[in-house]
Structure formats: C-alpha cells, structure tokens
Amino acid sequence: MNVTVLKFGGSSFLHPGDFGPIAQHLAKRLAEGENKIVAVVSAMSGTTDDLNAVMLDVNKQPKPSNVDAALAIGEMLSACLLEAAVSGLGIRVQSLNGYSLGIRSNSEFGRASVESVDASPVIAALQENDVVIAAGGQAIDQFGRLTFLGRNSSDLTAIVIASMLGQRVCEIYSDVPGIYTADPHLVPGALLLPEIAYTTIARMSRHGAKVLHHRAVEYAEKHAVTIVCKTLTNDGAVTGTIVGGHGNASSVTVARDTAVLRCGSLAERDELCALLDQHDVSAVCIDDNCGASICILCDVDFGIRRVALTGSHLVSIESRTAVTEHGSSRLRVHLEADYEQAITRACQIHQRMYPATGGEICGRRPAKQRSSSLLIRANNAPENTQ
Ligand SMILES: Nc1ncnc2c1ncn2[C@@H]1O[C@H](COP(=O)(O)OP(=O)(O)O)[C@@H](O)[C@H]1O
Ligand SMILES: N[C@@H](CC(=O)OP(=O)(O)O)C(=O)O
C-alpha cells in the first residue's frame, strides 16, 4: 500500500484554529492523487509542559508511569482535534493513540525505547479510511501500560510508522522549513542546509537542535527512511532539508536547561557517565576547578532519575545552557549559567564559522540563570576542549 507519512509538531498547533489549515493540506494531497495518508501529531505548543506542571501540583513525586499516562494526553487531544477537522471536510478518517498504534516499548517510563512494532492496526485503519491520525511520542509496554518516548519524540513515532508501513520517506513539518547551521530563532545569520547526513543532525540534536529528535534520526538511518523537513505556508508546503546519507556542515547548537551533576570523585563520575551512556542519555564529562562533574544534555529528568537509582551522593545539581560548536573534525562544548550569555556566545561562534553572514543582533529569549561559565570535556565527542 502506498502511504504518505507526515508529522506535524507542536509548533504547528499554537491555537485550535491551526488544525483547519492542516486538515485542508491533507485534503489537497488526497485530491492531487495521493492514496492514503498517516499524519502523526504532537501536543499543542506548551501542552506537555502544562500537563507536567499540573501533575507536580498534585504530587511533587508522582509515579513515572503516572506521569507518562498524563503527558500522552496532549498528543491524544491533538489527534482527536485533527480527526475532527479532517472529518469536517467529509474525509474518512480515524485517530489512533498509544493503546491502538501497534508500537510496543520497554517500561522505562519517561523515555521508553521502542522494542517492536505490529503494523496491522494501522493497516486495518487505512483500509477503512483515507487518513489515519496518530498520536505521537507514546507506546505501550508489555503490560499494556502507556509509555512516553521522551520529549519531542513524535518525530520518532512518525519514522517508526513510515518504516513499519514499508515507506522510504517521511515528511516532518515544523515552524522552520528545515535544518540550519544554528537555531534560526536565536542566530540571525543561520544558514538553511539543503541536505544533511543522519549522523550529523543526530549529533546536533543530542546537543540541543530539537528540530529533529535524535532517536528518530537514528531509527531513520537504521531503517533507510529519508526524512524530508518541511513547513506549511499560506502558499503551500515548502521543503527545506533532506536528511539522508550525505551532507555535512559546521554548526552551533544551544541546549537550554541541561543539568550539571557534581560528583564526589572522579571514579564515581566515570561510573555514572558509563551508566548514562548505557541508557542512551547524552552526557559530557567536565573537568574543571570545581571537581569532577557530568553535564546531561537531553532526557535530563530521565537521566537524573537513573543516577538517583544508583544511590550516588552527588555534591550538587545545577542548571546550565550548553553551547556546542560542531566543527569539521571536533566538538567543543561551553556551559553558561546565563542564557542570554549563551545566545551571545552561540552568535559569536556562528559568525566565526560563517564570517559572510554578518553580525546581526542576536535573538533573545528571557534570561533564566545567573551568570558564570564552565568549560568542559565531552565524553562522546572527538575532542574535548574549552
Ligand atoms: N539547527 C536548527 N535548525 C532548525 N531549527 C532549530 C535548530 N536548532 C534548534 N531549532 C529549533 O527547533 C524548532 C523546531 O523544533 P520544535 O519546536 O520541537 O518543533 P515541532 O514542534 O514542530 O516539533 C525551531 O523553531 C527552532 O527554534
Ligand atoms: N510531548 C512532546 C511533543 C513533541 O514531540 O513535541 P514536538 O513535536 O513539538 O517537538 C513534547 O513536547 O516533548
């Protein structure tokens, strides 16, 4: 069966009124001759954070399984709303969520990993309908409990579905047309990359380029799915970047709210680094005059929970923004306590990499942390410098 698989992220759903234009885009694609469509959706912008905050209002230490079930509601709602918008156009449509999608994960709540897939529920839904909407970022474990695949993981759901349906391409829509040499909302001179290799964007993503989820990219590479990054404009869909086997460029990434864990000893730090690596949590080792530390770059809450389970006696946990230079042959990571300072540094690095892009005023997002900076050594980087 020839199926078009697309994903719309939370940045596509700022208001309930945003579901209508996306439904119309799907209708247009069908009218132009496409056979069947699966549209994967994320929670509306801000919803996952809101759901998390509500949980914490009720219980400061909720059970991880409880949190996963609550967070999945954001995507379930988006799926229902897009289904409503599509059915309003007279199109046969059905929405599916983690309970009915056929994606099975392990039970690592908070950031579960996909273990197996069964395409038959999606295929059955496609036989009865022209459009199937899938709630992203969720699965069930072996006991039928809902699991959350991690922040920004709807990309992963889209790639998993494309692969399980035997499709070679997956379209990912966002508020930006594709992948740039830096976050275009923060660095004005950022350049759009027409193509990029899986490994390059996966590494950028692990260091904060949330435009694509690293696990989605890695799954796509393993299952030979080409990712086409797009954005929907008033004049239709625009393609920005093709993610496949080729394409490399220097870039700068910014990861906000990373966690710096100060450890009691070097040996403890190295053990914890190995543990995080084993659980596929991106982290870098830090050697500075404050002692031995680790910086967890993404899946931060999940990573901290894994560390806590070891009973390690951490000296402290601090929040930092990590700015990473992805050069042609090495990575260089800088930690900043002040977010604005981090953006300024990202702009300076980018300008050094691409002098022709000029020195426009950097993008600004509200400052959060007090100022200070650390220079670190990356455990998973070709070179660790300051
Ligand atoms: N290198 C980069 N290229 C493009 N966008 C980036 C990059 N780094 C960070 N971003 C950010 O990623 C955002 C898109 O990701 P996200 O907000 O998760 O979108 P969605 O909700 O559509 O999944 C962009 O708005 C941009 O600010
Ligand atoms: N619940 C996810 C939704 C998601 O995947 O986000 P997006 O597709 O907007 O990056 C999150 O906010 O983490």
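In the block above lies the structure referred to throughout.
Residues numbered from 1 in each chain as written. Chains lettered and ligands numbered in written order. Predicted model: local features only at pLDDT ≥ 70, side-chain atom pairs only at ≥ 80, totals over all residues.

1. As for the overall build of the protein chain
At step 1: From N to C terminus, the protein chain includes ten helices and 18 strands.
At step 2: The C-alpha atoms of the protein chain give a radius of gyration of 21 Å, which matches the 21 Å a tight globule of 386 residues would have.
At step 3: Along the longest, intermediate and shortest principal axes, the C-alpha atoms of the protein chain span 65 × 50 × 35 Å.
At step 4: When contacts within the protein chain are restricted to residue pairs at least 6 apart in sequence, those whose partners lie at least 24 apart make up 72%. (Helix = DSSP H or I, 4+ residues; strand = E, 2+ residues; numbered from the N terminus. Rg over C-alpha atoms; globule rule 2.2 N^0.38 Å. Contact = placed C-beta atoms within 7 Å.)

2. Side note on the site of ligand 1
At step 1: Surveying the vicinity of ligand 1 reveals 19 residues, the closest of which are G9, S11, S174, D183 and V211.
At step 2: Taken together, the residues of the shell around ligand 1 break down into eight nonpolar, eight polar and three charged. (Near = placed C-beta within 6 Å. Nonpolar A, V, L, I, M, F, W, Y, C, P; charged D, E, K, R; others polar.)

3. Quick notes on the site of ligand 2
At step 1: Lining the immediate environment of ligand 2, one finds 13 residues, of which G9, G10, S42, R151 and S154 sit closest.
At step 2: Its residues assigned to classes, the shell around ligand 2 shows one nonpolar, eleven polar and one charged.

4. Some details on the pairing of strand β13 (residues 251-262)
At step 1: Where β13 and strand β16 (residues 316-326) come together, ten bridges link them in antiparallel fashion. In the strand pairing of β16, T253 is matched with T324.
At step 2: Pairing of β13 with strand β15 (residues 291-296) involves four bridges; the strand directions are antiparallel. When the sheet's bridge partners are listed, R262 is paired in β15 with S293. (Pairing = 2+ DSSP bridges.)

5. Describing the pairing of strand β6 (residues 131-135)
At step 1: Summarising burial for β6: five of the five residues are buried, a large majority.
At step 2: Alternating residues of β6 divide into V131, I133 and A135 and V132 and A134, and every residue in both groups is buried.
At step 3: For strand β2 (residues 36-41) and β6, the ladder comprises five bridges, and the chain directions are parallel. Within the sheet, the bridge partner assigned to I37 lies in β6 and is V131.
At step 4: Of the pairings in the sheet, the one linking strand β3 (residues 93-96) to β6 comprises four bridges and is parallel in character. In the strand pairing of β6, Q94 is matched with V132. (Buried ≥ 20, exposed ≤ 12 C-beta atoms within 10 Å, placed from the backbone.)

6. Notes on unusual backbone geometry
At step 1: If you check the backbone angles, A224 has positive phi at about 55 degrees while not being a glycine.
At step 2: Its location among the elements puts A224 in the loop between α7 (214-222) and β11 (226-233).
At step 3: Notably, D280 is not glycine yet its phi reads approximately 55 degrees, a positive angle.
At step 4: With respect to the secondary-structure elements, D280 resides in the loop between α8 (266-278) and β14 (283-288).

7. So, the environment of E195
At step 1: As for its placement among the helices and strands, E195 is situated in strand β10 (residues 195-197).
At step 2: A count of 17 C-beta atoms within 10 Å places E195 in the partly exposed class.
At step 3: For E195 and I159, which are 36 residues apart along the polypeptide, the C-alpha to C-alpha distance reads 18 Å.
At step 4: Those residues in contact with E195 that lie beyond four places of it in its chain are T241, I242, G244, H246 and G247.

8. A word on helix α9 (residues 300-309)
At step 1: Among the residues making up α9, those that are buried are V300, F302, G303, R306 and V307. Buried residues of α9, viewed axially, fall in a sector of 165 degrees; they line one side. Exposed positions of α9 whose direction lies more than 90 degrees from the buried face are A308 and L309.
At step 2: Buried residues belonging to α9 abut β13, α8, β14 and β15. (Arc of directions from axis to C-beta.)

9. Details of the sheet that holds β2
At step 1: Spatially, eight strands are ordered β3-β6-β2-β1-β9-β11-β12-β10 in an open sheet, and the strand pairing comes out mixed. Each having just a single partner strand, β3 and β10 make up the two edges of the open sheet. The mean inter-strand angle of the sheet, taken between neighbouring strand axes irrespective of direction, is 25 degrees.
At step 2: Looking at chain direction, β10 and strand β12 (residues 236-244) are connected through three bridges and run parallel. Considered in β12, the bridge of I196 is made with V243.
At step 3: Those strands touched by helix α1 (residues 19-31) are β1 (3-8), β2, β6, β11 and β12, and its axis lies near 160 degrees from that of β2. (Axes fitted to C-alpha atoms, helices over the stretch in contact; angles between N-to-C directions.)

10. So, the packing of helix α5 (residues 154-164) against α7
At step 1: For the pair α5 and α7, interaxial distance at closest approach is 7 Å and the crossing angle is 15 degrees. By the criterion of interaxial angle, the relationship of α5 to α7 is roughly parallel. Once α5 is placed against α7, the crossing between them reads as left-handed. The segment α5 lies against α7, with D155, L156, I159 and V160 engaging R215, A216, Y219 and A220.
At step 2: Taken together, the residues of the contact of α5 with α7 sort by class into six nonpolar, no polar and two charged. (Parallel < 35°, antiparallel > 145°, perpendicular 65-115°, else oblique. Left-handed = near helix turned anticlockwise from the far one by under 90°.)

11. Regarding the environment of S113
At step 1: Note on placement: S113 falls in the loop between β4 (103-105) and β5 (114-117).
At step 2: Here S113 is in contact with S105, N106 and E108, once residues within four sequence places are set aside.

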